[in-house]
Amino acid sequence: MDLFTCIQAHTPFDAAEERHKALMLHYLAHSKEDLFLRPPHAHFTASAMVLSPNCDAILLLHHNIYQSWTWPGGHSDGERDLLHTAKKEVMEETGLKAQHLSRGSLIALDVIPVLAHYKKGAYVANHLHLNLTYSFVADVTAPLHINARENSAVMWVPFNELWEKTKNEPHMQKIYKKGLIKMGII
C-alpha cells in the first residue's frame, strides 16, 4: 500500500490527529519537493514504540542532540516505506536485530515541530516532521547497543517510570500517551 493510501486509511485518535492526517495528505498531494529527502520545511519521518512482550516496558534511547529520553526513529532518507524506516531506525539505534522485532503496525500520525539546532556542526532550521509511529514488540533478552552518533544510552523503561524519564519533553509525552492509549496499554 502506498503512503497516501496508508495515511488515508488511518483512523485518527482525535481532532488534532485528524488535522495532522489532512496536512500529511495535503503535502503528499501538492508538494513539489521530495518529502522523503529532508526538504527544509517539512519531511516524513518514522518512529517506533517498541514494547516488551508483556507490555509493561518501552524501549527508549537517550538522544544526543536533544539530551532527552525518546523513542527510536528518524528520517526516511528516500525510503517511501515508512514501516521499513521505523524498523531500520530501531535496529540502527538500539542494536536489536530484525528477528527480535514483531508486529509492526501503524498507530499514530503526528506533525511534530522541530526547533532549530546544530547537527554535525551544520545549522538546521526549524521545520516539521510528518511522523508516522509504528508499534513493535521486541525480545527484552536481546542485547542492546548504543549508536554513539545518535544516542548515549538504550534501555527498557517500565511504564511507571516513563513519564519521569521523558519529563524534559512534555510535548512528546502527549504523543507517547496517545500511542499507549491507542494500543490499549493505558
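Predicted model, so just to flag it, every value in this text is computed and none were measured.

Peer 1: Just give me the short version of helix α3 (residues 82-94), but keep the residues and values in it.
Peer 2: In a regular helix each residue adds 1.5 Å, so 13 residues correspond to 18 Å; α3 covers 18 Å between its end C-alpha atoms and thus fits that length. The opening residue of α3 is D81, an N-cap whose side-chain oxygen sits 3.2 Å from the backbone nitrogen of L83. Positive phi appears at G95, one or two residues downstream of α3, with a value of about 85 degrees.

Peer 1: Outline the nonpolar core, listing residues and values.
Peer 2: By size, the foremost hydrophobic cluster in this structure holds 29 residues, and its most contacted members are I7, M24, F44, V50 and L132. If you list the elements that add at least two residues to this core, you get α1 (3-9), α2 (15-30), β1 (42-51), β2 (57-63), α3, β5 (101-114), β8 (127-138) and β9 (151-158). Excluding residues that lie within four positions of it along the chain, V50 makes contacts with A57, I58, L59, P72, V90, L101, F136, A138 and W156.

Peer 1: Lay out α2 in plain terms, naming residues and giving numbers.
Peer 2: Along its 16 residues, α2 runs 22 Å from first to last C-alpha, staying within 8% of the 22 Å computed at 1.5 Å per residue. Residues of α2 that are buried sit in contact with α1, β1, β5, β8 and α5 (170-182). At the N-terminal end of α2, a side-chain oxygen is found 3.3 Å from the backbone nitrogen of A16, two or three residues along, and the residue is D14.

Peer 1: Any details on the pairing of β2? Residues and values, ideally.
Peer 2: Counting buried positions over the seven residues of β2 gives seven, a clear majority of the element. Alternating residues of β2 divide into A57, L59, L61 and H63 and I58, L60 and H62, and every residue in both groups is buried. Relative to β9, β2 runs antiparallel, the two sharing seven bridges. For L61, the partnering residue across the bridge sits in β9 and is V154. The sheet contact formed by β2 and strand β3 (residues 68-70) spans three bridges and is antiparallel. Within β3, the position partnered with H63 by the bridge is S68. Connecting β2 to the antiparallel partner β3 that follows it, the hairpin turn spans four residues, and Q67 within it adopts a positive phi of roughly 50 degrees.

Peer 1: Could you give an account of unusual backbone geometry, naming the residues involved and the relevant values?
Peer 2: Backbone geometry places R38, a non-glycine residue, at a positive phi of 60 degrees. Relative to the helices and strands, R38 is located in the loop between α2 and β1. The exposure class assigned to R38 is partly exposed, which follows from its relative accessible area of 37%. Even without a glycine there, the phi angle at D77 is positive, about 45 degrees. If you trace the backbone, D77 turns up in the loop between β4 (73-75) and α3.

Peer 1: Describe the environment of V90, with residues and values.
Peer 2: Among the secondary structure elements, V90 is positioned in helix α3. Judged by relative accessible area, which is 0%, V90 ranks as buried. Separated by 18 residues in sequence, V90 and P72 have C-alpha atoms that sit 5.3 Å apart.

Peer 1: Tell me what's going on with the pattern of salt bridges, and back it up with residues and numbers.
Peer 2: In total, this model carries eight salt bridges according to the counting rule given. The partner of D77 in a salt bridge is R38, with the nearest N and O atoms 2.9 Å apart. Linking D77 in the loop between β4 and α3 with R38 in the loop between α2 and β1, this pair joins segments that are 39 residues apart in sequence. Since its relative accessible area comes to 42%, D77 is described here as partly exposed. Between K178 and D110 there is a salt bridge; the shortest N-O distance is 2.7 Å. Of this pair, K178 sits in helix α5 while D110 sits in strand β5, and the two are 68 residues apart along the sequence. With relative accessibility at 7%, the residue K178 sits in the buried group. Salt bridges sharing common partners tie together E17, D110, K178 and K182.

Procedures and definitions
All residue numbers refer to position in the chain's written sequence, counted from 1. A pLDDT threshold of at least 70 governs which residues receive local features in this predicted model, and a stricter bar of 80 or more applies before side-chain atom pairs are shown or counted, although totals over entire chains, interfaces and linings include all residues. Water and hydrogen atoms were dropped before computing side-chain values, which therefore reflect all heavy atoms in the structure. Helix and strand definitions here come from DSSP, where helices need a minimum of 4 consecutive H or I residues and strands a minimum of 2 consecutive E residues; each element is numbered from the N-terminal end. In a helix, the anticipated span is given by 1.5 Å times the number of residues less one. We define a polar contact as two N or O atoms separated by no more than 3.5 Å, with the added condition that, inside protein, one atom must be a possible hydrogen donor and the other a possible acceptor, whereas residues neighbouring each other in sequence contribute only through side-chain atom pairs. By nonpolar core we mean a set of buried residues, namely Ala, Val, Leu, Ile, Met, Phe, Trp, Tyr and Cys, connected to one another through side-chain atoms within 4.5 Å. Residue burial is assigned from relative accessible area. The probe radius is 1.4 Å, only protein chains are included, and a residue is buried under 20% of its type maximum, exposed over 50%, and partly exposed in between. Every residue pair with non-hydrogen atoms within 4.5 Å of one another is taken to be in contact. Whether two strands pair depends on DSSP finding at least two bridges between them. A carboxyl oxygen of Asp or Glu within 4 Å of a side-chain nitrogen of Lys or Arg is what we treat as a salt bridge.

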